[in-house]
Amino acid sequence: MSVDTISDFLVEQRDQAPEELQALVLDFEDLWERKLWHQLTNSLLEFFNHPGSAPQRLQFYKVFILKFADKINQLKLVDLALKAATQCRDNQEQLSFMEAVVKKVDNEDSQDALVYATVAVSRVKRSLEDLDGARKDLDKAERILDTFDSVETVVHAAFYGANAEYYQAKADFGSYYRNALLYLACIDLSSLSPTERRRRAYDLSLAALVSTSIYNFGELLLHPILDALAQQEDAWLRELLFAFNRGDLAAYDVLSGNISSHPLLSEHSNQLRQKIYLAALTEAVFRRPPHDRAMTFATIAAETKVRPDEIEHLIMKALSLGLLRGTIDQVDEVAHINWVQPKVLDMKQIDNMRQRLKDWDSSVNQLGNWIEGVGQDVWAA
């Protein structure tokens, strides 16, 4: 395309652009003629980020940007392409468009851009319900990511975000939970709208509760994303997470009405009941000092409200999941626990730990006084 044709295209696009964007379009030709690719790329990103540019993005990409695509930062090229792709007629057209972008950036020195574009392709395939195709693209992206010493945060965010969406579609709650938290670690939370923050907090909370592999919610409980549920009608879900964290059977029973009325939680109600019993067991162990963790089955039954004939199975479950370490004396019906999995503490639990430290300090003082009293002759010698 000749310089004159580019000029005509930009004049046409400038006339179609909203008034507040026309000055930007006017700058494009000057920057293009002077081959100031970095400045031109940044101006184009500013233009594409404006909602008013939406109807023009696809044309700008196909007619103008592709003329100098090899000369600009390839990661930014993919970013421009992603914004242009939002204007495709349907998912099938979007897939063809993004597959062409993948081929465009498939070069040895632009592997980060290749990952970024490949992840975008996987997202479109997921929208088309081609989950196998989406998984292959994500696996390919992961293999490339593993070869990097470092990469732009936006690439990792895109990968973890797409991975989380894939696992959510597959109802793999544990994998969704882990990837969704990794995604949140890669972004600025303020970039999400209040609605999006609430949705993510809601989905993460459900995944944590119904997953068969997650018994410690500490990372989620400490994450500011959970504040999105604090003042909403879904605040009960936040309270339920904290009830599980402290093994609070009474709070669980109070919230059981919400569980039974929620389709997903109701479906997993037996599993949730088993989880709260395990949480009550680990909390009961945690409250005891290390020298007093030989617990009879009767004591455990009283603490967890589990039937006596199910106590042994409960302890074995906790041991197999790595929540506790120890041994079981089946003859005397005693569990000897020597370790409990660390977890996030609320203020009440911290106060209990403070009291235990005070008791320990008092015991040490008593021991010191006793040694001093019975060993006076030895000290004198």
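Structure's up top.
The following paragraphs examine the structure supplied in this document. Predicted model only: the values in this text are computed from it and were never measured.

What counts and what doesn't
The residue numbers shown here count from 1 along each chain, following its written sequence. Reporting in this predicted model follows two pLDDT cut-offs: at least 70 for local features of residues, and 80 or more for side-chain atom pairs to be given and counted; totals over whole chains, interfaces and linings ignore these cut-offs and use all residues. Hydrogens and water molecules were not included; the side-chain quantities draw on all heavy atoms of the structure. Think of a salt bridge as a Lys or Arg side-chain nitrogen and an Asp or Glu carboxyl oxygen that are within 4 Å of each other. Here a helix means four or more residues in a row that DSSP labels H or I, a strand means two or more in a row labelled E, and each is numbered from the N terminus. Using a 1.4 Å probe on the protein chains alone, a residue whose accessible area is under 20% of its type maximum counts as buried, one over 50% counts as exposed, and one in between counts as partly exposed. Side-chain atoms within 4.5 Å are what join buried Ala, Val, Leu, Ile, Met, Phe, Trp, Tyr and Cys residues into a set we call a nonpolar core. Note on contacts: a residue pair qualifies if any of its non-hydrogen atoms lie within 4.5 Å across the two residues.

**Digging into the pattern of salt bridges**
- The final tally for this structure, using the stated rule, is 22 salt bridges.
- A salt bridge links Asp 203 to Arg 199; its shortest N-O distance comes to 3.2 Å. Of this pair, Asp 203 and Arg 199 both sit in helix α11 (residues 194-210), separated by 4 residues, roughly a single helical turn.
- Classification of Arg 199 by relative accessible area gives partly exposed; the value is 37%.
- A single network of salt bridges, built from pairs that share partners, joins Glu 196, Arg 199, Arg 200 and Asp 203.

**Things to note about unusual backbone geometry**
- Phi angles above zero are rare outside glycine, and Lys 305 is one such case at about 65 degrees.
- Tracing the sequence through the fold places Lys 305 in the loop between α18 (297-304) and α19 (311-320).
- Look at Lys 305 and you get exposed, because its relative accessible area is 59%.
- Not every positive phi belongs to a glycine, and Glu 333 is a case in point at roughly 55 degrees.
- You can see Glu 333 is positioned in the loop between β2 (324-329) and β3 (334-340).

**Remarks on the nonpolar core**
- Ranked by size, the top nonpolar core spans 120 residues in total, and within it Phe 28, Leu 44, Phe 60, Phe 64, Phe 97 and Leu 265 carry the most contacts.
- A per-element tally of this core places helix α17 (residues 269-287) first, with 10 residues.

**Considerations on the environment of Leu 138**
- The residue Leu 138 is located in helix α8 (residues 131-145) in this model.
- Linking Leu 138 and Val 115, residues 23 residues apart in sequence, is a C-alpha distance of 8.7 Å.
- When sequence neighbours within four positions are dropped, the list of residues in contact with Leu 138 reads Val 119, Ser 122, Phe 159, Ala 162, Asn 163 and Tyr 166.

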